[in-house]
Amino acid sequence: MEDLSNINIEIGKKIKNIRKGKNMTIQELADSINKSKSTVSKYENGDISVDVQTLYEISNALNVHVEQLLYIRPNIDKIHNNNIVNAFFRNSSKFYSYIYDGRSNEIIKCVIDIIAHTEDLSYKTMLYMNVKDFDNYQNCENTYYGFTKHYDTLTSMILQNQATPLEQISINILASFLDTDKIWGLMSGVSFRPFMPIALKMLFSKKPLEENNDLAKELKISKDDIKLMKLYNMFTVTQ
């Protein structure tokens, strides 16, 4: 049984991080949900519980799904259990992913939260992109909401940018049945700097990776990648 005070702290932390990520002040959030500034501050610090109605009002004010504000216990068995064929995704609800952005010449780190399963055996999923701090990952450049579905040899994610619905991305992870700490995927979608369709390599991990030159080299398009592109006339990612 989780300690209620810990749950309050985690929910408050998410509210605060998302609010800051949207450059909204405590007073602005308080005004939008008809609460005092001190009450919202207590919510964010975990001093008092947020009732269900208020939680929905906060999610509307922040323009996020209410699931983003809920506390997710790490390694929750209800979300991913040992019956899942795709071993990489078993027994965990949070994953870390990395891409390399050649426009800024930097590693972009992301966090993926698997929120809950649905009746059609897919999983509600949040992707937080361009995270600066893993401890406060909800405060990020872009957030995507969608669904993950596991197949025998592939895991597929379809996600939509919450701020710009036009921007929808798909991520396909081959051989996710492998029981490994890291795995490769291919992300495709639309870029807005400049506006164009794109596809790029994406590395997934069960834990944060050291951001160094070796990781950057892995994430960049290699000579072998180019050979495969010429062979298939397609951009492919293999394990």
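Conventions adopted
- Per-chain numbering applies: the sequence of each chain, read as written, is numbered from 1 onward.
- Residues qualify for local features only when their pLDDT is at least 70, as the model is predicted, and side-chain atom pairs are given and counted only at 80 or more; totals for whole chains, interfaces and linings, by contrast, use all residues.
- As a convention, hydrogens and water are excluded, and side-chain values are obtained from all of the structure's heavy atoms.
- The numbering of helices and of strands both runs from the N terminus, where a helix is a DSSP run of H or I of at least 4 residues and a strand a run of E of at least 2.
- Residues count as neighbours in contact if any of their non-hydrogen atoms are within 4.5 Å of one another.
- The definition of a nonpolar core used throughout is a set of buried Ala, Val, Leu, Ile, Met, Phe, Trp, Tyr and Cys residues joined through side-chain atoms within 4.5 Å.
- Only protein chains enter the accessibility calculation, which uses a 1.4 Å probe; a residue whose area is less than 20% of its type maximum is buried, one above 50% is exposed, and one in between is partly exposed.
- To count toward a patch, a residue needs a relative accessible area over 30% and no salt bridge; like charges are then connected within 9 Å, while nonpolar side chains (Val, Leu, Ile, Met, Phe, Trp, Tyr) are connected within 5 Å.
- To measure how exposed things are, a 1.4 Å probe is used in the Shrake-Rupley method; for residues, cover is taken only from the protein chains shown.
- What counts as a salt bridge is simple: a side-chain nitrogen of Lys or Arg found within 4 Å of a carboxyl oxygen of Asp or Glu.

**Some points on the side chain of N8**
Reasoning step 1: Mapping N8 onto the fold places it in helix 1 (residues 4-21).
Reasoning step 2: Setting aside chain neighbours within four positions, we find N8 in contact with Y43, G46, I48 and S49.

**Remarks on the nonpolar core**
Reasoning step 1: Of all hydrophobic cores here, the largest spans 22 residues; its most connected members are L127, I171, M187, M202 and F204.
Reasoning step 2: Counting only elements with at least two residues in this core, the list comes to strand 1 (94-101), strand 2 (106-117), strand 3 (123-131), strand 5 (154-161), strand 6 (168-174), strand 7 (182-192) and strand 8 (195-205).
Reasoning step 3: With 4 residues, strand 2 is the largest single contributor of residues to this core.
Reasoning step 4: With near-sequence residues (within four places) excluded, F204 lies in contact with F88, Y96, S97, I112, I171, I173, D181, K182, I183 and G185.
Reasoning step 5: Residues Y98, V111, Y137 and L203 belong to the second largest nonpolar core, which totals 20 residues.

**A look at unusual backbone geometry**
Reasoning step 1: We note that N130 has phi near 60°; this positive angle belongs to a residue other than glycine.
Reasoning step 2: Structurally, the position occupied by N130 is in strand 3.

**A closer look at a nonpolar patch on the surface**
Reasoning step 1: A cluster of nonpolar side chains, namely L166, F192 and F195, defines an oily patch on the protein surface of about 330 Å² accessible area.
Reasoning step 2: By the element assignment, F195 lies in strand 8.

**Comments concerning the pattern of salt bridges**
Reasoning step 1: If you walk through the whole model with that rule in mind, you get 7 salt bridges.
Reasoning step 2: Between E211 and K109 there is a salt bridge, with the nearest N and O atoms lying 3.2 Å from each other. Linking E211 in the loop between strand 8 and helix 5 (213-219) with K109 in strand 2, this pair joins segments that are 102 residues apart in sequence.
Reasoning step 3: We classify E211 as partly exposed; its relative accessible area is 39%.
Reasoning step 4: By relative accessible area, which is 12% here, K109 ends up buried.
Reasoning step 5: One salt bridge in this structure joins D225 and K201, with 2.9 Å as the shortest N-O distance. Of this pair, D225 sits in helix 6 (residues 223-232) while K201 sits in strand 8; the two residues are 24 residues apart in sequence, bridging distant segments of the chain.
Reasoning step 6: A relative accessible area of 10% means that D225 is categorised as buried.
Reasoning step 7: Take K201: its relative accessible area is 8%, and that puts it in the buried class.

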